[in-house]
Amino acid sequence: MNISEYIKNVELVRSKILDETEKIVMSNEDKITNLNIIKIQKGIGSDSQLLRNKNDKFKGVYSLATQLLNSSKTAGTEYTFIETGDFVSNFQLEISTDLTKLTIFSTGEGSGLKKSFFDGYSNLYGLTPEDQSILNYEIIYPELMSFIKQYL
């Protein structure tokens, strides 16, 4: 490949790199949202702090009534978020139109009390700094480098 062909390929890669990054992110949606879900299951928020509901109506632990209704839950233990219907199974990603921001959310928050419960968490969605590093260096970077190496 001569220098003019190489420059042409560099320009091509440069013009397609954001679209390719978007494609990589969307093709790895499950891996990325799972990073968030794993932290939620551990009781950790996107800010690396413990998940705490700011709504006083919700104590963050299972009640005796919940235990009596569901023997797999123990009164006094923290919510696990696992058995909340469509919440975990409906995690999704959205990329801003300028391709600079990635948003994680769930369409399974429901309505009424269930929606109020989820609205009480300000750090429920998103990736911790550690998970952002995994996203950038273990998910996006290898696939992006493969794309670039096709042309350069």
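Structure first, text after, so check above.
The rules we used
- Residues numbered from 1 in each chain as written.
- Predicted model: local features only at pLDDT ≥ 70, side-chain atom pairs only at ≥ 80, totals over all residues.
- Heavy atoms only, no water.
- Core = buried A, V, L, I, M, F, W, Y, C linked by side-chain atoms within 4.5 Å.
- Buried < 20%, exposed > 50% of the residue type's maximum accessible area, 1.4 Å probe, protein only.
- Helix = DSSP H or I, 4+ residues; strand = E, 2+ residues; numbered from the N terminus.
- Contact = heavy atoms within 4.5 Å.
- Axes fitted to C-alpha atoms, helices over the stretch in contact; angles between N-to-C directions.
- Parallel < 35°, antiparallel > 145°, perpendicular 65-115°, else oblique.
- Left-handed = near helix turned anticlockwise from the far one by under 90°.
- Nonpolar A, V, L, I, M, F, W, Y, C, P; charged D, E, K, R; others polar.
- Salt bridge = Lys/Arg side-chain N within 4 Å of Asp/Glu carboxyl O.

Colleague: Teacher, can you tell me more about the nonpolar core here?
Modeller: Generally speaking, a soluble globular protein has its nonpolar side chains buried in company with each other. Counting 26 residues, the largest nonpolar core has Ile-32, Ile-40, Phe-81, Phe-87 and Leu-124 as its most contacted members. Elements supplying a minimum of two residues to this core: helix 1 (3-27), helix 2 (29-41), strand 1 (91-95), helix 4 (112-119) and helix 5 (129-151). The dominant element in this core, judged by the number of residues it contributes, is helix 5, at six residues. Leaving out residues up to four positions away in the same chain, Phe-81 has contacts with Ile-40, Leu-51, Tyr-62, Phe-87, Val-88, Phe-117, Phe-118, Tyr-121 and Leu-124.

Colleague: Please explain the packing of helix 2 against helix 5 as it appears in this structure.
Modeller: For any two helices packed against each other, one specifies the crossing angle of their axes together with the interaxial distance. Remark: helix 2 packs on helix 5, axes separated minimally by 10 Å, with the N-to-C direction vectors making an angle of 155°. On the basis of their axis angle, the class for helix 2 and helix 5 is roughly antiparallel. Judged by the sense of rotation from one axis to the other, the crossing of helix 2 with helix 5 is right-handed. Here Lys-31, Ile-32, Leu-35 and Lys-39 of helix 2 lie close against helix 5, whose contacting residues are Glu-130, Asp-131, Ile-134, Leu-135 and Ile-139. By residue class, the composition of the contact of helix 2 with helix 5 is five nonpolar, no polar and four charged.

Colleague: Looking at this structure, I do not really get the pattern of salt bridges. What am I missing?
Modeller: Oppositely charged side chains may form a pair once their charged atoms are brought near each other. Counted by the stated rule, this structure contains five salt bridges. Ionic pairing is found between Lys-23 and Glu-20, a salt bridge with its closest N-O pair at 3.3 Å. A residue pair is termed a helical-turn pair when its members lie 3 or 4 positions apart in one helix, as Lys-23 and Glu-20 do in helix 1 at three residues. By relative accessible area, Glu-20 is classed as buried at 15%. The salt bridge partner of Lys-39 is Glu-130, with a shortest N-O separation of 3.4 Å. Of this pair, Lys-39 sits in helix 2 while Glu-130 sits in helix 5, and the two are 91 residues apart along the sequence. Accessibility expressed as a relative area gives 14% for Lys-39, which makes it buried.

Everything listed here is a matter of geometry and, on its own, says nothing about what the molecule does.
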